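Below, each chain spelled out in residue letters.
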Amino acid sequence: MTATATARIRRSPVRFDATALERTSRDGWDIVRRYSDEGGGPWLVDLSHRCRWDLQHPDVGNQRPFGVPVPSKPGEVAISDGFAVNRMNRTQASLWHLGGNDRPATPSGVGFTETTDGHCMLAFLGPETASVFEHLSDLDVFDPERGLPRLVQGPVLHVPCQVVALGSNAVILTLSRGYGRTFAEAALQFARPCGLRPAGEARFDEWFVRWASTRSSDPSLPSR
Amino acid sequence: MARLPASPTQRIDPSRPIRFRYWGGEAEGVAGDTVASALYAAGVRVFSRSLKYHRPRGLYGLDGESANTFVAIDGVPNEAAETTLLRPGMAIAAQNVRGSPERDLYGILDRFDGLMPAGFYYRLFHRPARLWPFFQERLRAMAGVGVLQPSGSRERPGRFERYLNAEVAVVGGGPAGMAAALAAAEGGGRVCLFERRLHLGGHLDWRTRLVDGQPLHRRATELAARVAACPNIRVFTHAPVTGVWGENLVTGFLICPEGGIAREYHYECRARSVVVASGCTERPLVFEHNDRPGVMPATTAWRLAASYGVLPGRRAVFAGGDDSSLEAAIELAGYGVEVAAVADARAEGHDPELVAAIGEAGIRFLPGWTAGAARGTNRVTGVELRRIDGGRAEELRCDLLLANAGLQSLIGPLSTLKAQLGYCTRTGMFQPTRLPERAFVAGSMLGLRDVAAIEASGRLAGLEAAAAAGWDAESQIREARDAVRNAPGPAAGCFLACAPGIGRGAKAFVDFDEDGSYKNVVESAQQGFDVPELAKRFGGFGLGPGQYHVPGQNLAMIMAALAGTPLDQLSGTTVRPPLVPPRLATLAGPGLAVHKETPLHDAQAALGAIFRNAGAWHRARYFSTDLSCREEIRNVRANVGVLDSSPLGKFRIYGPDAQKALQRVYVSDMSKTKPGRCKYSAMCNDTGNLMDDGVVVEIGPGDYYFTTSSARAGATVEWFRYHTRHDGWEYQLVNLTDTLGSLNLAGPNARKVLAKITDADLSNAAFPYMGYREIVVGDGVPVRCLRLGFVGELSYELHAPSSYCGYLWDLIMAAGAEFGIRPFGLEAQSCLRAEKGHVIIGTESEQRVTLTDIGMGFLWDSKDTASKKVGAPALRHASGQTDRLKLVGLRIDQAERRPEDGDIVIDGTEVVGYLCTTRMSETLGWQYGLALITDRHAPEGGTVQIYSNPRGTPSVTHGTVVAPHFYDPEGARLRA
């Protein structure tokens, strides 16, 4: 082997037409922490670099990936210690690493497949998030009867997605990586009436920390 | 024209003038005006000319009921003047006019209406047949309601869509709709309220009549304020509903205010239950010349005065069939209109309070009378009133004739909702007799006229809707039912079908949009189109943009009268969507361009790639404008090229029964799959057709990695699950298509390039053809490397995490620079693989040919019956058959015009097959073809003819049947 001069960089499928103010490098990814002129929200944040796994097991409901019990029913979401475990169906769950900057190792066990590179992961945050979503999809992700957080699987901008609504001002979704760039462009265009703008990862981190602390201090919220 | 003094009902701001242009001149409206109200205030009375007869047409309704007031605005035709808000600088022009609206060249056509009877378009000018195109062209040129200017604005106003979810959707923002929304919201659920007009309030909005000491318009304001204050009610005004559908989907479009995000955009609301409170409208009175400018429903004139401050005329005659006309007469007299008379088709049943007020105002009241004919041409100058019993008649002078035959319910939403409708012999309106599940109706469309009763019905419907959506509202519903029971019930309606004494040849219009007259209804019935649904199509009644609004109930009533059908057996026509016409651009939506791009998209774009759609992907098809891709092909054959093959399907299958599943869907013996080796195989469907092919690698015990064609990647998981659905096998599938990008490094120098970026042993002995290795490339990137040969050269397929693919591409291009590496696209790949004789599914295979027919039968493990391989019985069945299509190679003779893909293969006059792929090969030096032809013609050495007829000039070229592996048939280059 002789040719290794090229910089080893992992690239997100999403690129925003915005000026990056602060960048960081993590696990090979070039991550924008802040953009200029992010505005007061709502925001669209690219989280494609966050680790994700697919878990399949005949008895998936009794698994505890990263110490988090897989929810008992499809559509339910368990969030703990920075991990979201989304029960997809009878035998399958998706795992998202939302909190922390470390790169968790893939859990041992044959049922885990890392899918970080398979998806584009986006967060819609801030005020008017619900309105933003109304411009993108007919999925009823905020159905008050079903409670939050919850997983909805269906089309957003006609692209199959896994959508987790964490609250009325936060939605995270994943979709096939190939759609990433054009999806993000379309989302920004169609949600323009709501003022959706790109934001860096820091915006999500700040929000997630706040959200997690609110949940842990509110006993009325669903158990984690 | 000066506006009326300010009043609490006005919706305009006279202090904010708006200048616009009309028909070349300057005019002025005020803020809050619609185009229609501004034009009317500016003295315009003839808005357009009618479709067939070019009769002058004026303002009729204020809610877009007909095409009378369609105008061209800033070059965009068919804008509804009544529902379009006036904007500064608008250039407004009348439509369907040759000359001016007042003096139209084609106005003479009105005298030749005898040449245009009902259905004339289907019957006249067709014989002799050669003349029809001549007439067709002229008829179409003369008809129409507006001119589209292809060179005009390319503005796409419908760039947004909005999807709403609610527990209860309410259609109609009148008192019933608002009461329904408020009641439904008590349960805490999400409520969406849709109103077509700019303001909530419905028919209360402009009424000053006191009820319980409060003016009705104030009651509307009060209800609207309560709705606005309710946090779980979302109000959408200026948002006409285009239909209500199954499972309570409400669709419509939202007209945005000036400076809004769009002109209008489509919305959909999925609700658990829906309340339809779309209200009523005045049923047009059918009498002679009822289309003259100045003839309009009473509420149009009333709203012009009350909402827009425009005096609709000086001297009015009313010819109504409902109490609203009496109320309007009193109100308009108050605004200064001289009311010459109020005729009412009903002999009795009037609101005594209103009758008394009419008397007090000194207005002449004529119960049992109606309008028989309007006088005047470009505007009404008088009216002949007739007694209903056909007795006396009387002429009156007027410039405003406010006519109706009572009310009709706006049943459009119920019609699209598939509610069962029946004619009510008390209210004289079509009303629901059976509603779909979780659909409710309220308000004046039930025949209610008393405001308290309307609100009570709205509240009941809202509560019932909320209960249907899951709220326990039993006690509230009980109380609401009592309130409805105690309120006044439906009022008696008017049953007048058309004016008395109307002649069979009268120009009394049932439908304005299509110039459908009473005479045309008679003609339709006489020719056998004697039920409304048939007459509607034959005569075009209700097929114009106004749809049901004008002809709706009248068509049914007149046909029933002609046939002598009792009213209780009256059947109407189905109201078709869209109930209100949106712009085509609004329906077209935002022009979604979401597609898939590979991780190497940008890298290839930087090198001049020309992309084409390939399923959901945009893929690089060419890397130069030479579409024969000569250089790309030459470089792969002689040197080294790199292809982005990322859309290739990539999967992991694992679990104790994974191998059984593989055995089921693949035709080969998959138990022979080994670690470190790629096993090539194919999938068939139940009829033995080739569905997919790819390689399978064992990556661990019971753990396999396999590839599929790009086109089948999306269907693979379902394919496995479907074909093993009865077995209860335990295996899992993960789609890694997007997770792993893929590059195909191909050509005699491929090994040298790869060796520069990995330490792995790439020698032929260590890594032979069809081998699989997990190697590390560059600065630690894990790569799954498959040594394959789709293009017929030494090739390495490198599967790497997608995020690293850009890095990997850069590495390869840098490493290959000294060898002159260059990318190649799908077109070059297709040529290369065709030279090698490798098939592409769907190009060299189709539903008439089996795996065996295309020369891939060697893959099939025909002895294995235990696995129940998909397609095996069909393959077995077809194996002994003759006269089947077979895949062959063709060496095509040189010809002036070369055959192309898809040309047919003939034997004399018999079609014996077709060319799947053909190219002039620089490598071979001759044109090759892969063709599917009947087995009779398939033996090698035979000749066939290829028939081409690309642009109507036929030619025949000869070809010789050869083996379909033209290049390196021994596979030496693959194994090098």
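Numbering of residues begins from 1 in every chain and follows the order in which that chain's sequence is written. Each chain is given a letter, starting from A, and each ligand a number, starting from 1, according to the order in which they appear as written. With pLDDT at 70 or above as the cut-off, local features in this predicted model cover only qualifying residues; side-chain atom pairs require 80 or more to be listed or tallied, and sums for whole chains, interfaces and linings still use all residues.

## Concerning the overall build of chain A
- A run of H or I in DSSP counts as a helix once it spans at least four residues, and a run of E counts as a strand once it spans at least two, with each numbered from the N terminus. For chain A, the helix and strand inventory stands at three helices and 13 strands.
- A compact globule built from 224 residues should have a C-alpha radius of gyration of about 17 Å, and chain A, at 17 Å, falls within 12% of that.
- For the C-alpha atoms alone, the extent of chain A along its principal axes is close to 50 × 45 × 35 Å.
- For every residue, the other C-beta atoms within 10 Å of its own C-beta are counted; 20 or more classify it as buried, 12 or fewer as exposed, and values in between as partly exposed. C-beta atoms are placed from the backbone. The proportion of buried residues among the 224 residues of chain A is 49%.
- When contacts within chain A are restricted to residue pairs at least 6 apart in sequence, those whose partners lie at least 24 apart make up 62%. Only C-alpha atoms enter the radius of gyration, while the globule expectation follows 2.2 Å times N to the 0.38, with N the number of residues. By the convention adopted here, residues make contact when the C-beta atoms placed from their backbones lie within 7 Å.

## Examining the environment of Arg630(B)
- Topologically, Arg630(B) is positioned in helix α17 (residues 630-638).
- Along the chain, Arg630(B) and Leu304(B) lie 326 residues apart, while their C-alpha atoms are 73 Å from each other.

## With respect to the sheet that holds strand β44 (residues 822-823) of chain B
Residues and elements named next belong to chain B.
- DSSP calls a pair of strands paired once it identifies at least 2 bridges connecting them. Strand order in this open sheet of six strands is β41-β42-β43-β40-β34-β44, and the pairing throughout is mixed. In this open sheet, the two edge strands, each paired with only one partner strand, are β41 (772-777) and β44.
- Here strand β42 (residues 781-786) pairs with strand β43 (residues 795-801) via three bridges, running antiparallel. Looking at the pairing, Arg784 lines up with His799 of β43.

## With respect to the pairing of strand β1 (residues 13-22) of chain B
Residue and element names in this part refer to chain B.
- Here β1 runs beside strand β2 (residues 25-31); their pairing, made up of seven bridges, is antiparallel. The residue bridging Arg19 from the neighbouring strand is Glu28, located in β2.
- Linking two consecutive strands that pair antiparallel, namely β1 and β2, is a turn of two residues; a positive phi of about 50 degrees is found at Trp23 within it.
- As paired strands, β1 and strand β7 (residues 91-94) are joined by two bridges and run parallel to one another. Within the sheet, the bridge partner assigned to Tyr22 lies in β7 and is Ile92.

## Remarks on the packing of helix α7 (residues 323-335) of chain B against helix α8 (residues 352-360) of chain B
Residues and elements named next belong to chain B.
- At their nearest, the axes of α7 and α8 sit 9 Å apart, and the two run at 30 degrees to each other. One way to sum up the angle between α7 and α8 is to call them roughly parallel. Considering only the axes of α7 and α8, their crossing is left-handed. Between α7 and α8, the contacting residues are Asp323, Leu326, Glu327, Ala329 and Ile330 on the first element and Leu354, Val355, Ala357 and Ile358 on the second.
- Per-class residue counts for the contact of α7 with α8 are seven nonpolar, no polar and two charged. All axes here are fitted lines through C-alpha atoms, helices being fitted over the stretch that makes contact, and every angle between N-to-C directions spans 0 to 180 degrees. In these notes the angle categories are as follows: under 35 degrees is roughly parallel, over 145 is roughly antiparallel, 65 to 115 is roughly perpendicular, and the rest is oblique. Left-handed describes a crossing whose near helix is turned anticlockwise from the far helix through less than a right angle; right-handed describes the clockwise counterpart. Residues are grouped as follows: nonpolar covers Ala, Val, Leu, Ile, Met, Phe, Trp, Tyr, Cys and Pro; charged covers Asp, Glu, Lys and Arg; every other residue, Gly included, is treated as polar.

## Remarks on the environment of Cys120(A)
All names here are of chain A.
- Counting through the fold element by element, Cys120 comes out in strand β9 (residues 119-125).
- Exposure remark for Cys120: the 25 C-beta atoms within 10 Å place this residue in the buried category.
- Taking the C-alpha atoms as reference points, Cys120 and Ser72, 48 residues apart in sequence, are found 26 Å from one another.
- Sequence-distant contacts of Cys120, that is, excluding residues within four places in its chain, are made with Pro13, Val14, Ser48, Thr174, Leu175, Arg177, Tyr179, Gly180 and Phe183.

## Observations concerning the sheet that holds strand β39 (residues 732-735) of chain B
Residue and element names in this part refer to chain B.
- The strand order across the open sheet formed by five strands is β36-β37-β38-β35-β39, and the pairing between neighbours is antiparallel. Edge positions in the sheet fall to β36 (679-684) and β39, since each has one partner strand and no second. For this sheet, the mean inter-axis angle between neighbouring strands, taken without regard to orientation, is 30 degrees.
- Here six bridges tie β36 to strand β37 (residues 690-700), and the two strands are oriented antiparallel to one another. Each bridged residue has a counterpart across the sheet, and for Ala682 the counterpart in β37 is Asp693.
- Where helix α18 (residues 658-665) meets the sheet, it contacts β35 (649-654), β36, β37 and β38 (703-708), and its direction lies at approximately 135 degrees from that of β35.
- The sheet contacts of helix α19 (residues 716-723) involve β35, β38 and β39, and relative to β39 the element is tilted by about 165 degrees.

## Observations regarding the interface of chain B and chain A
- Listed as interface residues are 46 residues of chain B and, on the opposing side, 40 residues of chain A.
- Per-element tally for the side of chain B that touches chain A: the top contributor is helix α21 (residues 802-816) of chain B, with nine residues.
- The residue makeup of the side of chain B that touches chain A, split by class, is 21 nonpolar, 11 polar and 14 charged.

## A look at the domain arrangement of chain B
All names here are of chain B.
- What the domain assignment lists for chain B is domain 1 (13-112), domain 2 (287-404), domain 3 (509-578), domain 4 (598-646 + 739-832), domain 5 (649-735) and domain 6 (882-962).
- The split into domains, and so the bounds of each, comes from an automatic or database assignment of domains. The C-alpha-based centres of domain 1 and domain 2 are spaced at 24 Å.
- Each partner contributes residues to the interface: domain 1 has 16 residues there, and domain 2 has 14 residues.
- For the side of domain 1 that touches domain 2, the element with the highest residue contribution is helix α1 (residues 35-41), accounting for three residues.
- Across the side of domain 1 that touches domain 2, the residue classes break down as eight nonpolar, three polar and five charged.

## Structural notes on helix α6 (residues 298-306) of chain B
All names here are of chain B.
- Burial analysis of α6 places nine of its nine residues in the buried class, which makes it a mostly covered element.
- For α6, every residue scored as buried is listed here: Ala298, Thr299, Thr300, Ala301, Trp302, Arg303, Leu304, Ala305 and Ala306.
- If you follow the buried residues of α6, they end up packed against α1, β16 (280-282), β17 (295-296), β18 (315-320), α7 and β24 (400-403).

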